[in-house]
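Observations on the model geometry
Okay, here's what each chain looks like letter by letter:
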Amino acid sequence: MARIRKTVVQVDRLRDQVYDLILEDVKGGALEPGPRLVEGDLAKRYNVSRTPIREALFQLSRDGLLSPAERGYTVAVDDSQMTADRHEVRELIDPRLAYHAASDGTPAQKKALEKLHQRQSDAHDEGSLAAFIRANVAFRSALRSMCRNGLLSRCSQLLDDQAQPARRAIFS
């Protein structure tokens, strides 16, 4: 009799899945700066227990996306110093990302990046905030995907994630 071989399927930990869901809601504006994030409400929203919520909130706070608040967290609110600091770091990171895109990107990636830039410009000209934000996020994601330096790409992603709520307000 032949033996059936079983395989293990690797899936993301529940905490990581919840982290991604909350991050998307923060970046998309569904969770706005100010109100306290209540673990119980988030557990119901994402249909999970409070433990992965608590773990995800802690990690989001460590990543600078949430601020500690009395008995919990809130979506981080930028002040002028944080905005200035973030722009200073982007001025250091973005030229290097562009260098990697220019030197390491394939012709197909470069053409796709050009199209994304055009889509962003068109959305700006049309005055469509939602379309501009989507195009900007896609452009920056494509730029990072062309970077062979994984750490540089991750730093850029973290910086963009931290800035997304503030960027939404600035773009509008």
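Everything below is about the structure shown above.
Residues numbered from 1 in each chain as written. Predicted model: local features only at pLDDT ≥ 70, side-chain atom pairs only at ≥ 80, totals over all residues. Heavy atoms only, no water.

1. Considerations on helix α5 (residues 107-126)
- Between its terminal C-alpha atoms α5 stretches 29 Å, which fits the 28 Å expected from 20 residues at 1.5 Å a residue.
- Tucked inside the fold, the buried residues of α5 contact α6 (129-145). (Helix = DSSP H or I, 4+ residues; strand = E, 2+ residues; numbered from the N terminus. Expected span 1.5 Å × (residues − 1). Contact = heavy atoms within 4.5 Å.)

2. Considerations on the environment of A130
- Residue placement: A130 occurs in helix α6.
- Taking the relative accessible area as the measure of exposure, A130 reaches 43% and is therefore partly exposed.
- Through-space distance from the C-alpha of A130 to that of I93 is 25 Å; in sequence the pair is 37 residues apart. (Buried < 20%, exposed > 50% of the residue type's maximum accessible area, 1.4 Å probe, protein only.)

3. Here's the deal with the pairing of strand β3 (residues 72-75)
- Taken together, the 2 bridges between strand β1 (residues 36-37) and β3 define a ladder with antiparallel strand orientation. The residue bridging L37 from the neighbouring strand is Y73, located in β3.
- The pairing of strand β2 (residues 66-69) with β3 spans 4 bridges and is antiparallel. Within the sheet, the bridge partner assigned to P68 lies in β3 and is Y73.
- If you look at the hairpin formed by β2 and β3, you'll find 2 residues sitting between the two strands, and R71 has a positive phi there, around 60 degrees. (Pairing = 2+ DSSP bridges.)

4. Description of the nonpolar core
- Core analysis: the largest hydrophobic core is formed by 19 residues, its most contacted members being I22, L31, L42, I53 and L57.
- Of all elements in the fold, only α1 (14-28), α2 (39-46), α3 (50-62) and β3 reach the threshold of two or more residues within this core.
- For this core, the element with the highest residue contribution is α1, accounting for 5 residues.
- Aside from chain neighbours lying at most four places away, what touches I53 is V18, E39, L42, A43, Y46 and V48.
- In terms of nonpolar packing, the next biggest core, distinct from the first, is built from 12 residues, L97, L113, L116 and A142 among them. (Core = buried A, V, L, I, M, F, W, Y, C linked by side-chain atoms within 4.5 Å.)

5. Brief notes about the packing of α1 against α2
- Where α1 contacts α2, the two axes come as close as 11 Å, and the packing angle between them is 100 degrees. One finds that α1 runs roughly perpendicular with respect to α2. Where α1 approaches α2, its residues L21, I22 and D25 are matched on the opposing element by L42, R45 and Y46.
- Looking at the contact of α1 with α2 residue by residue, the classes come out as 4 nonpolar, no polar and 2 charged. (Axes fitted to C-alpha atoms, helices over the stretch in contact; angles between N-to-C directions. Parallel < 35°, antiparallel > 145°, perpendicular 65-115°, else oblique. Nonpolar A, V, L, I, M, F, W, Y, C, P; charged D, E, K, R; others polar.)

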